[in-house]
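# Architecture at a glance
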Amino acid sequence: MAANNYRTATEKTTHYNMHSLFGWSQSEPTLRATRMATGERSIVVTRSTFPGSGKYGGHWLGDNASVWPHVHKSIIGMLEFGLFGIPYIGADICGFFDNTTEPLCRRWMQLGAFYPYSRNHNGIAYRPQDPAAFGDQFALDSKAVLLVRYTLLPYLYTLFYYAHTEGSTVVRPVMHEFVKDSSTYGIDRQFLWGAALHISPVLDEGATTVDVYFPDCRWYDYYTGVERSTSDRGKTRTLDAPLNHIPLHVRGGYIIPTQTPDNSTVFSRLLPMGLIVALDDEYTASGSLFWDDGDSIDTIENGQYYLASYAATKNGVQSSTNSNHESVDSLVMDNILVYGLDNVNRVVYKNQDHTNWEIGRASCRERV
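Anyway, here's the lowdown on the structure attached to this text. Residue numbers here run from 1 along each chain, matching the order of that chain's written sequence. Where totals are concerned, whole chains, interfaces and linings use all residues; where local detail is concerned, this predicted model gives features only for residues with pLDDT of at least 70, and gives and counts side-chain atom pairs only at 80 or more. Side-chain metrics in this entry use all non-hydrogen atoms of the structure; hydrogen atoms and water are not considered.

## A closer look at the overall build of the protein
Only DSSP runs of H or I with at least four residues qualify as helices, and only runs of E with at least two residues qualify as strands; both kinds are numbered from the N terminus onward. When helices and strands are counted, the protein shows seven helices and 24 strands. Scaling as 2.2 N^0.38, a compact globule of 368 residues should have a C-alpha radius of gyration of about 21 Å, and the protein matches this with 22 Å. For the protein, the spread of C-alpha atoms along the principal axes amounts to about 75 × 50 × 45 Å. Three exposure classes are used, based on accessible area relative to the maximum for each residue type with a 1.4 Å probe and protein chains only: buried under 20%, partly exposed in between, and exposed over 50%. Looking at the protein as a whole, 46% of its 368 residues are labelled buried. Looking at the protein alone, contacts between residues at least 24 apart form 62% of all its contacts between residues at least 6 apart. Each accessible area is a Shrake-Rupley result for a 1.4 Å probe, and residues are judged covered by the shown protein chains and nothing else. As presented, the protein carries roughly 18500 Å² of accessible surface, and 50% of it is formed by carbon and sulfur atoms. When charges are counted, neither His nor the chain ends are considered; positive counts come from Lys and Arg and negative counts from Asp and Glu. Just so you know, the charge point we use is NZ for Lys, CZ for Arg, CG for Asp and CD for Glu. For the protein, the distance from the average position of its 30 positive side-chain charges to the average position of its 39 negative side-chain charges is 2 Å. A radius of gyration in this sense is built from C-alpha atoms; the matching globule rule multiplies 2.2 Å by the number of residues raised to 0.38. Throughout, a contact is declared for two residues whenever any of their heavy atoms are within 4.5 Å.

## Comments concerning the sheet that holds strand 14 (residues 248–251)
Taken in spatial order, the five strands line up as 8-9-10-14-12 in an open sheet, and their pairing is antiparallel. With partners counted over all chains shown, the strands left at the sheet margins are strand 8 (171–172) and strand 12 (219–221), one partner each. Here a strand pair is declared whenever DSSP counts at least two bridges between the two strands. Examined bridge by bridge, strand 8 and strand 9 (residues 191–193) share two bridges and lie antiparallel to one another. Its bridge partner being in strand 9, Val-171 is matched across the sheet by Trp-193.

## Brief notes about helix 2 (residues 21–38)
Here helix 2 contains 18 residues, and its C-alpha end-to-end distance of 27 Å stays within 8% of the 26 Å for a straight helix at 1.5 Å per residue. Listed as buried for helix 2 are Gly-23, Ser-27 and Leu-31. One side of helix 2 holds all its buried residues, which, seen down the axis, span an arc of 70°. Exposed residues on helix 2 whose side chains face more than 90 degrees from its buried face are Met-36 and Ala-37. Taken together, the buried residues of helix 2 touch strand 3 (45–46). Given the number of residues in a helix, its expected span is that number minus one, multiplied by 1.5 Å. Directions drawn from the helix axis to the C-beta atoms are what define this arc.

## Concerning the environment of Tyr-349
As for its placement among the helices and strands, Tyr-349 is situated in strand 21 (residues 348–349). Separated by 238 residues in sequence, Tyr-349 and Leu-111 place their C-alpha atoms 38 Å apart.

## Here's the deal with unusual backbone geometry
Positive phi, close to 75°, is recorded for Asp-98, a residue that is not glycine. Position of Asp-98 among the secondary structure elements: in the loop between strand 6 (92–93) and helix 4 (102–112). For Asp-98, a relative accessible area of 37% corresponds to the partly exposed category.

## Quick notes on the sheet that holds strand 4 (residues 58–60)
Taking strand neighbours across the sheet as the criterion, the three strands line up as 3-4-5 in an open arrangement whose pairing is parallel. Of all strands in the sheet, those with a lone pairing partner are strand 3 and strand 5 (89–90), marking the two edges. Where strand 3 and strand 4 come together, two bridges link them in parallel fashion. In the strand pairing of strand 4, Thr-46 is matched with His-59.

## Some words on the environment of Val-45
When you line up the elements, Val-45 lands in strand 3. What makes Val-45 partly exposed here is its relative accessible area of 27%. Not counting the four nearest positions on each side in its chain, Val-45 is found in contact with Gly-58, His-59, Trp-60, Tyr-88 and Tyr-117.

## Thoughts on the side chain of Thr-151
Relative to the elements of secondary structure, Thr-151 occurs in helix 5 (residues 136–151). Separated by 2.8 Å, the side chain of Thr-151 and the backbone oxygen of Leu-147 make a polar contact. Contacts of Thr-151, omitting those with residues within four sequence positions, involve Tyr-222, Pro-257, Thr-258, Gln-259 and Pro-261. Any pair of nitrogen or oxygen atoms within 3.5 Å is treated as a polar contact; in protein, a donor-acceptor pairing is required on top of that, and neighbouring residues in sequence qualify only through side-chain atoms on both sides.

## A word on helix 5
In an α-helix, one turn spans 3.6 residues, which is why side chains three or four residues apart end up on the same side. Spanning 16 residues, helix 5 covers 22 Å between terminal C-alpha atoms, matching the ideal 22 Å at 1.5 Å per step. For helix 5, the set of buried residues is Phe-138, Asp-141, Ser-142, Val-145, Val-148, Arg-149 and Thr-151. Residues of helix 5 that are buried make contact with helix 4, helix 6 (153–166), strand 9, strand 14 and strand 15 (254–259).

## Focus on the layout of surface pockets
Cavities and pockets were defined on a 1 Å grid built from protein atoms only: a cavity is a group of points that admits a 1.4 Å probe but offers it no way out, a pocket is an open group of points flanked by protein on both sides within 12 Å along at least five of seven lines, and a lining residue is one with an atom within 4 Å of any such point. Grid points are joined across faces, edges and corners, and a volume is the space filled by probe spheres set on the points. In this structure, the largest pocket spans a volume of roughly 1700 Å³. Every residue lining the largest pocket is counted, 50 residues in all, and those nearest its centre are Arg-41, Ser-42, Ile-43, Tyr-157 and Phe-160. Only helix 2, helix 5, helix 6, helix 7 (265–268) and strand 17 (285–291) provide two or more residues apiece to the lining of the largest pocket. Ranked by residue count, the leading element in the lining of the largest pocket is helix 6, at eight residues.

## Structural notes on the packing of aromatic side chains
Here is the rule: rings of Phe, Tyr and Trp (six-membered ring for Trp) pair when centre to centre is within 6.5 Å. Planes less than 30 degrees apart are stacked, more than 60 are edge-to-face, and the remainder are tilted. Counted by the stated rule, this structure contains 17 aromatic pairs. Their ring planes at 50° and their centres at 5.5 Å tell us that Tyr-157 and Phe-290 sit as a pair that is tilted. You can see Tyr-157 sitting in helix 6 and its partner Phe-290 sitting in strand 17, a full 133 residues away along the chain. On the basis of relative accessible area, Tyr-157 is assigned to the partly exposed category, the value being 22%. Look at Phe-290 and you get buried, because its relative accessible area is 3%. With centroids separated by 5.3 Å and ring planes inclined at 80°, the aromatic side chains of Tyr-222 and Tyr-223 adopt a geometry described as edge-to-face. Residue Tyr-222 is classed as buried on the basis of its relative accessible area, which comes to 12%.

Okay, structure coming up:
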């Protein structure tokens, strides 16, 4: 940019006053043009942003490098941009500059699966770093964590609904949910999706364990439904994290919508839905699901969406519809996982005894 620039059609001002507005001023017309060209919603991802840019586009954290400290720093940047009102945020997974390594890229793929904007990307002069470049097992392990992401896309989509309508964060620091717990104030190696999903990536070279702080509430292992001991509350625990594993925990008191994953959202959007019901100390939980057709522009403003609220007690799970839309007419609620019940003797669905359910060590699984 020149030292002096046009602030309006006729009035000039200094580069200093305009610099941060350059990317902002490009995002809105770019989004508008792509919508006009396709007749459908579009997306803009820009590196140059300013407060207010989040209304029109997402952001990536710029040209990082394939070094371990940048894995950790990406979490800090992601949390900051959530506060800036730009929730669609991520870093170049496995690093942009330099040649990555298999161990670094493996751990970064695990973390990057939980960036709202999840993209493996590097410079043209460096070695390939897509999952297949490191062999079959690496590709399978990367696929497994990405399928977790796809399973949780209904929850992520719902979080973006609330970011759009209420200005809330999608990815948030632990301290934002536990403001009275001073032990959470310095945590930047763990983070949350919304209020309910706790993510604890491995960020150090060669590590096969990770130190995780558990605030004072019920926590359940995402993969197994097993509840953490009450002695873990308000404590830091060292968890096993083998090379193919990222620790994930569901917070008691919340209901997370899920969907059977597939190899793209075109197909996964057609597959059965589910709920993870994680009960708190009072044996209650709540959550919601936002859904639309995935393509139309301004579905919220035009009332063309589905919004359901869920509430659970130890006696059952109930749903209510706040806004209905045909986009969910073909979807099926296939299974409900309930974490935190002491025992289950009977399951009733729509006032009829339901027999297709099972109980394990930590959860009750029901097909509906």
